[in-house]
2 protein chains.
Amino acid sequence: MDFTALSKRELEGTKAELEEDYRRFQEKHLSLNMARGKPSCRQLELSNDMLATLNSSSSFLSSDGTDCRNYGLADGIPELRNIFSAMMEVSADNIIVGGNSSLNMMFNTVSCGVTHGFAGCEPWGCQKGLKFLCPAPGYDRHFKVTEYFGFDLVTVPMTPTGPDMDAVEKYAENDPSVKGIWCVPKYENPTGITFSDETVKRFARLKPAAKDFRIFWDNAYCVHDLTDDPDRLLSLWHECEKEGTLENVFFFSSTSKITFPGAGVSAMAAGDGNLRDIRKYNSVMTIGPDKLNQLRHIYFLKDINGVKAQMARHRAIIAPKFKTALKKLDTAVKGTNTASWTTPKGGYFISVDVMPGCAKRVVELCKNAGVTLTGAGATYPYGKDPQDSNIRLAPTYPPLEELEQAMDLFCTAIKLAAAEKLLSEKL
Amino acid sequence: MDFTALSKRELEGTKAELEEDYRRFQEKHLSLNMARGKPSCRQLELSNDMLATLNSSSSFLSSDGTDCRNYGLADGIPELRNIFSAMMEVSADNIIVGGNSSLNMMFNTVSCGVTHGFAGCEPWGCQKGLKFLCPAPGYDRHFKVTEYFGFDLVTVPMTPTGPDMDAVEKYAENDPSVKGIWCVPKYENPTGITFSDETVKRFARLKPAAKDFRIFWDNAYCVHDLTDDPDRLLSLWHECEKEGTLENVFFFSSTSKITFPGAGVSAMAAGDGNLRDIRKYNSVMTIGPDKLNQLRHIYFLKDINGVKAQMARHRAIIAPKFKTALKKLDTAVKGTNTASWTTPKGGYFISVDVMPGCAKRVVELCKNAGVTLTGAGATYPYGKDPQDSNIRLAPTYPPLEELEQAMDLFCTAIKLAAAEKLLSEKL
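What you see is a predicted model, and the numbers here were worked out from it, not measured in a lab.

1. Here's the deal with the pattern of salt bridges
Scanning all chains against the criterion turns up 48 salt bridges over all chains. Measuring nitrogen to oxygen at the nearest pair gives 3.9 Å for the salt bridge that ties Lys334 of chain B to Asp330 of chain B. Judged by its relative accessible area of 58%, Lys334 of chain B falls in the exposed class. Judged by its relative accessible area of 35%, Asp330 of chain B falls in the partly exposed class. Several salt bridges share partner residues, and in doing so they unite Glu20, Asp21, Arg23 and Arg24 of chain A into one network.

See below:
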């Protein structure tokens, strides 16, 4: 039933039915949350054994002989670099392993640019009218960092192959006030798409107008596959090496969604020049990261095969949730012409585009019936979706049966909001 | 034997004997380190049991019901606030518990001032010609932070009762370009002195010319007593509450020298206004600290009594080292008029003032015989001691017998450098 083809009378009837459905949801007094990309309790349990890897009789020495209980080793323990090197497809020598938050590393990197600058350029904080490219829909916390530091956020459309590279090139190669771009290149937050080979190559070939333009390549979901035919991301590191453009990029990743979201390990990589700037910053900022937690990760994951085995266990828990969420949409919304959505092969999110002007209403309807979604607009710079259309679904946290209830409500809300809108247009 | 009273001939004889002693040290091929305030291996072992407090069957819930394995709780887990509240003598409601490094928290706080400012003032980065007060001898890493952010470092003399408060008041109350001061109020690094009640009260009564002047009160050694009659530091928090000046201060501490230097927990406290600024900064910077490590601290230390018991165990290991170092100085250097030193009742350091112009030479002599000391000058802004006189001793790291050897060499070096200097003046 295509809602856009219904007469006013048919729409009124449909809306009345949907309102009746909605009331029944309200009577259930749900209290469910699909707002953030949080692993579920069952996923957390997959890493519980990591906690017992260290005890009084453990060896606390890293491979270079450092006692991980004491001060030192600003770059983190060497053995973890190999794991991140394999995960991120970057050179192990150019990795810094840090604390529990890659967002914190990205924030520090932007902050370093603002107060001290990169490659000998004037600090960003001393330059005026700076801009940062934000492919949208994208990750709200990325956008917030550059917003907090006073950049003008420039929206670049996200396409099924990655950011609109015509737009990226136009801005970055012609305007020296454009200083960087946020990217989640694999299983993007929230669309779940993976940048195509051509997109990665165009990033590697980018010739920014500003010498201190930087690509923030947040490969947060690099090993977070959910199917037997996972997406394959071309290594930007290797492409940049070929093009001689390594200094244009900061690479990030973490184990937040491999081990524990609150107690994982973050990592970044960069070319030698950028690393010099970052290491200087780090040497003043801290005496070193928590190396015992890094050691726990080594003892628990061992190597990249350990990571892959752990991700297979995550997949077994998460994949059915994605399947359920997508099936509910297929069953209840497909063919109604009220929404479209992505079918990700990995990551943490499904991106749903409801009828323009309806996203806030859908989120409100869900909230008033006890289901919290990511705020409408969150996936756009400044939290403002110009179409009021995009909603990010995070299906990992609720248990399966709760997810089913939440998705039933969500589907009803999509159609109810659409019926309201279409009717208001016929008045 | 007062070196300054010796004739040229007597000095030559003394110098020759000292050179002979020195050669014997060189023949031992020592490789010892007294450079940094690092806990020894035996001290690290005191906290090994903390590592096993978490395992698969632990409760991972904080007292407010948060699963510490997952995202969230930007201020840290509530139960740790009570411990830090008792340690720091500040209100538990105004504490943020963070990651493994209080230096990192201080760096972030300065960085926040530089990029965003405090109390609605223009960011420090937009103001010109700013100064920061550095009581010296003091902690090199403090000075480095404000140097890195471009402040002019203004040396304030350290006295036996704390920083020269006449100088502090003169600068802070008359010059709005003075934006803050670094303080280690108890068992100061490196002098080991504790600020007197009068000094604390004068800090509380300070009326800075700049609204965004801030005291960085790094109470790193608040529970680090080494004697039965420990120093008692007046609570600046309570004094400031009386005076209505709480917004002038940021308070810091950590468990780095209670549990693990590399894997402890840091904390900061501030008045409501400053906390608003810092919480906003933190909310963009990270999703939250490593709460599992916080939980380990709670399970291991339990409460302030657990902290005190742990510190008694540290004392049992450290106090004999301080005693040995001081005894060596008393036996070999006292009465020679070549050096003076402090006798701290706690903390991690002994501050030695050798003959003016001799500190670099003493450090060089020690280094060439295999003992690494903190670089001469490190305790002064820009690493430059105008008198070339102060040397920071860190006696905690080496085992007792190694410390004895290192101290014997150090005492010889002090006297040899003095003999060299006095002789050169007689030429």
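2. Structural notes on the interface of chain A and chain B
The partner chain B presents 55 residues to the 55 residues of chain A that form the contact. Across the chain A to chain B interface the summed buried area is about 4,600 Å²; carbon plus sulfur atoms make up 57%. Counting the surface chain A buries against chain B, the share from its top three residues, Arg69, Tyr71 and Tyr148 of chain A, is 17%. Here chain A and chain B share 0 salt bridges between them. Linking chain A with chain B are 19 residue pairs in polar contact (both at pLDDT 80 or more), by the criterion used here. Taken together, the elements giving at least two residues each to the side of chain A that touches chain B come down to helix H2 (41-45), helix H3 (48-51), helix H5 (102-115), helix H6 (140-148), helix H10 (272-285) and helix H11 (291-301) of chain A. In terms of residue count, the dominant contributor to the side of chain A that touches chain B is H5 of chain A (7 residues). Taken together, the residues of the side of chain A that touches chain B break down into 26 nonpolar, 17 polar and 12 charged.

3. Comments concerning the domain arrangement of chain A
All names here are of chain A. If you check the domain split of chain A, you get domain 1 (3-44 + 308-426) and domain 2 (61-302). Each of domain 1 and domain 2 was reduced to a C-alpha centroid, and the two centroids are 31 Å apart. Counting from both sides, the interface comprises 27 residues of domain 1 and, opposite them, 33 residues of domain 2. Contact between domain 1 and domain 2 buries roughly 2,700 Å² in total, counting both sides, with carbon and sulfur atoms accounting for 60%. If you sort the residues of domain 1 by the area they bury against domain 2, Arg315, Lys345 and Tyr382 come out on top, with a joint share of 25%. At the junction of domain 1 with domain 2, the criterion picks out 3 salt bridges. The partner of Lys345 in a salt bridge is Asp229, with the nearest N and O atoms 3.1 Å apart. Counting across the interface, domain 1 meets domain 2 through 16 residue pairs in polar contact (both at pLDDT 80 or more).

4. Some remarks on the relation of the copies chain A and chain B
By a simple turn and slide, chain A fits onto chain B: the slide is 0.0 Å along the axis, the RMSD is 0.0 Å, and the turn is 180°. These values place the two chain copies in the arrangement generated by a two-fold rotation axis. Closest approach to the rotation axis within chain A is made by the C-alpha atom of Ala52 of chain A, at a distance of 3.2 Å. Mapped onto chain B, 100% of the interface residues of chain A again fall at the interface, so both copies present the same surface.

5. Quick word on the pairing of strand S11 (residues 350-354) of chain A
All names here are of chain A. Burial runs high along S11: 4 of the 5 residues are buried. Where strand S10 (residues 339-341) meets S11, 3 bridges bridge the pair, whose relative direction is antiparallel. Along S11, the bridge assignment pairs Ala339 with Val354. In this sheet, strand S13 (residues 390-393) lies alongside S11 in antiparallel orientation, the contact comprising 4 bridges. Among the inter-strand pairings, Val352 is bridged to a residue of S13, identified as Ile391.

Thresholds applied
- Residues numbered from 1 in each chain as written.
- Chains lettered and ligands numbered in written order.
- Predicted model: local features only at pLDDT ≥ 70, side-chain atom pairs only at ≥ 80, totals over all residues.
- Heavy atoms only, no water.
- Salt bridge = Lys/Arg side-chain N within 4 Å of Asp/Glu carboxyl O.
- Buried < 20%, exposed > 50% of the residue type's maximum accessible area, 1.4 Å probe, protein only.
- Contact = heavy atoms within 4.5 Å.
- Buried area = accessible area lost by both parts, 1.4 Å probe.
- Polar contact = N/O pair within 3.5 Å; in protein donor to acceptor, adjacent residues only side chain to side chain.
- Helix = DSSP H or I, 4+ residues; strand = E, 2+ residues; numbered from the N terminus.
- Nonpolar A, V, L, I, M, F, W, Y, C, P; charged D, E, K, R; others polar.
- Domains from an automatic or database assignment.
- Least-squares fit on C-alpha atoms with pLDDT ≥ 70 in both.
- Pairing = 2+ DSSP bridges.

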